[in-house]
Amino acid sequence: MKRFVAGLIAAILLVSCVAFLDGGNSGMRTDGLYYKASKIHPDATIMTVDGEKISAEEYLYWLAYDCEYLTNMAGQIDWNEVVTGDDITYADFVKDEVTDTMKTYAVLRKMAKEGNVTITDEDTAALDAQRQQYIDYYGGEEGYLQQVQLLGISEETFDTINSMYYLYARVEEAFESGALRPSDEALQSYAADKGMATARLLTIPTADLDDKEIEQRRELAQSYADKLKAADNKDELYAKFAAELGLEVSEKGDMLMRSDSFDEALLDAVDALDEGGVSDAIQGRNCFYVAIRMPLDLVGVAESMFVQRMDDAIANAEVKYNKSVYNKVDVGQFFTDLLQARQELADSFPATSDTNGAD
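Everything numeric here is computed off the predicted structure, so don't read it as measured data.

Rules and cut-offs
- Residues numbered from 1 in each chain as written.
- Predicted model: local features only at pLDDT ≥ 70, side-chain atom pairs only at ≥ 80, totals over all residues.
- Heavy atoms only, no water.
- Pairing = 2+ DSSP bridges.
- Helix = DSSP H or I, 4+ residues; strand = E, 2+ residues; numbered from the N terminus.
- Axes fitted to C-alpha atoms, helices over the stretch in contact; angles between N-to-C directions.
- Contact = heavy atoms within 4.5 Å.
- Buried < 20%, exposed > 50% of the residue type's maximum accessible area, 1.4 Å probe, protein only.
- Patch = residues over 30% accessible without salt bridge, like charges linked within 9 Å, V, L, I, M, F, W, Y side chains within 5 Å.
- Areas by Shrake-Rupley, 256 points an atom, 1.4 Å probe, with all protein chains shown as cover.
- Salt bridge = Lys/Arg side-chain N within 4 Å of Asp/Glu carboxyl O.
- Core = buried A, V, L, I, M, F, W, Y, C linked by side-chain atoms within 4.5 Å.
- Parallel < 35°, antiparallel > 145°, perpendicular 65-115°, else oblique.
- Nonpolar A, V, L, I, M, F, W, Y, C, P; charged D, E, K, R; others polar.

**Student:** Whenever I open this one, the sheet that holds strand β7 (residues 287-294) confuses me. Can you help?
**Tutor:** Consider a sheet: its strands pair through backbone hydrogen bonds, and that pairing is either parallel or antiparallel. Strand order in the open sheet formed by 4 strands is β5-β4-β7-β6, with antiparallel pairing between adjacent strands. The sheet is open, and its two edges are formed by β5 (254-257) and β6 (282-284), each paired on a single side. Taken over all neighbouring pairs, the strand axes of this sheet differ in orientation by 55° on average, direction set aside. Of the strand pairs in this sheet, strand β4 (residues 196-205) and β7 are connected by 8 bridges, and their pairing is antiparallel. The partner of alanine 199 across the bridge, within β7, is arginine 293. Helix-sheet contacts for helix α9 (residues 234-244) involve β4 and β7, and the interaxial angle to β4 is about 40°.

This is the structure we're talking about:
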């Protein structure tokens, strides 16, 4: 889930198809701090992403969130200051970051609709428990609702945002083994393109050893390999050797993929094995391996393919801004006015309420 909402400082401003709507829904609601700070109706459609509507309320929630995050990291900010060689200001940076978040949400919702995926009863129970924790922390229902008011968002939209973590998990689950799962042929083709394979590994470290000690480790690895090759029950013997080495036993094996994080020597050796075959000792980076080639883990392939599918969909998403609403967003003025309106609202609450600020 850490990839679900990208960190501001590490954000990559993705290039997408951007256009403007010739009008669109400008909304009618006048409740909440966002309207007070921006005069933008919370129920207005501020943009669409591949046809999925994004409300101004959701957009402004993340704009406020990212502004607070950035000011907490960097202190007082001049939102018109240029921060990159492309003449991008802090305000531009934050707005682009929020657009990326909205693209992620829209792509996820679209995939959920395609697979008829919703959160489960267990997810709803977890969200209810989370809400109760907030209520207990703020001393009751009234204190909790006051905190939501201080955020500037309706409780309904706040609940929707909180549910996105669970929706992501359910869509990923449906992609790996449910309604959204690609065919075996598609998964195998993806695995071949990415150089993916599945193997059980014995790993014997060699870091900081002298040549004599490294040779002893090589001999140990080869002895494991020779015994596994001759064994009638490779699974049982592998489990025994893994326990000796302090390794966890994986039933399916480890997913390997050609990338900078994997030893080429290991992948070359695994590729040369038939299913069930055992390698000789493989010298890798600071270790020796012994590998047993396993059937390709299609669930693991689907997990990797899901991440790729999400990334591609986000990168290629068509964003259309409702310019009559979007052009009203002045980041610096909005954030300044929001903080002032938030303080005024907090001051209006009874003195006994624990409402020192929105968490």
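And the narrative resumes.
**Student:** Looking at this model, I keep getting lost on the environment of isoleucine 161. Mind explaining?
**Tutor:** Looking at where isoleucine 161 falls in the secondary structure, it is placed in helix α6 (residues 155-177). Residues isoleucine 161 and glutamate 58, 103 residues apart in the sequence, show an inter-C-alpha distance of 8.1 Å. Ignoring anything within four residues of it in the chain, the contact list for isoleucine 161 reads Glu58, Tyr61, Trp62, Tyr105 and Ile153.

**Student:** I'm lost on unusual backbone geometry in this one. Help?
**Tutor:** Among all residues save glycine, negative phi is the norm, and among peptide bonds the norm is trans. The backbone phi angle of aspartate 208 is positive, close to 65°, even though this residue is not glycine. Look at aspartate 208 and you get exposed, because its relative accessible area is 82%. With a phi angle near 60°, asparagine 286 is a residue other than glycine that sits in the positive phi range. Overall, the relative accessible area of 53% leaves asparagine 286 in the exposed class.

**Student:** Can you walk me through the pairing of β4 in this structure?
**Tutor:** Remember that side chains alternate between the two faces of the sheet whenever the strand is regular. In terms of burial, β4 is a largely internal element, 8 of the 10 residues being buried. As paired strands, β4 and β5 are joined by 4 bridges and run antiparallel to one another. From the neighbouring strand, methionine 196 faces β5, where its bridge partner is methionine 257.

**Student:** Would you mind showing me how to read the environment of asparagine 80 here?
**Tutor:** With respect to the secondary-structure elements, asparagine 80 resides in the loop between α2 (56-74) and α3 (90-114). Note: C-alpha distance between asparagine 80 and proline 350 (270 residues apart in sequence) is 37 Å.

**Student:** How should a nonpolar patch on the surface be read in this particular structure?
**Tutor:** On the surface, Tyr65, Tyr69 and Met73 cluster together into a nonpolar patch covering about 320 Å² of accessible area. The class for tyrosine 65 is partly exposed, based on a relative accessible area of 41%.

**Student:** Looking at this model, I keep getting lost on the pattern of salt bridges. Mind explaining?
**Tutor:** Pairing of side chains with opposite charge becomes possible as their charged atoms draw close. According to the stated counting rule, one finds 22 salt bridges in the structure shown. Residue aspartate 268 is joined to arginine 258 by a salt bridge in which the shortest nitrogen-to-oxygen separation is 2.8 Å. Of this pair, aspartate 268 sits in helix α10 (residues 264-271) while arginine 258 sits in the loop between β5 and α10; the two residues are 10 residues apart in sequence, bridging distant segments of the chain. Given a relative accessible area of 30%, arginine 258 falls into the partly exposed group. Residues arginine 258 and aspartate 271 are paired through a salt bridge, measuring 2.7 Å at the closest nitrogen-oxygen approach. A residue pair is termed long-range when its members are at least 10 positions apart, and arginine 258 in the loop between β5 and α10 and aspartate 271 in helix α10 qualify at 13 residues. If you follow the salt bridges from partner to partner, you end up with Arg258, Glu264, Asp268 and Asp271 in one network.

**Student:** It is not clear to me how the nonpolar core should be interpreted in this structure. Could you clarify?
**Tutor:** One recurring pattern in soluble globular proteins: nonpolar side chains tend to sit buried together. Residues Ile46, Met47, Tyr59, Leu63, Trp79 and Val171 are the most contacted members of the largest nonpolar core, which totals 73 residues. For this core, the leading source of residues is α3, giving 11 residues. When neighbours within four sequence positions are excluded, leucine 63 is seen to be in contact with Val94, Lys95, Val98, Val329, Val331 and Phe334. Ile204, Tyr224, Ala231 and Met294 belong to the second-largest nonpolar core, a separate cluster that totals 16 residues.

**Student:** Just checking my understanding: could you explain the packing of α2 against helix α13 (residues 331-348) for this structure?
**Tutor:** Each pair of packed helices can be summarised by the angle the axes make with each other and by the distance between the axes. Contact pair α2 / α13: the axes reach a minimum separation of 11 Å and the direction vectors enclose 90°. As the angle between them shows, α2 and α13 are arranged roughly perpendicular. Across from Leu60, Leu63, Ala64, Cys67, Glu68 and Thr71 in α2, the residues of α13 making contact are Val331, Phe334, Phe335, Leu338 and Arg342. For the contact of α2 with α13, a count of residues per class yields 8 nonpolar, 1 polar and 2 charged.

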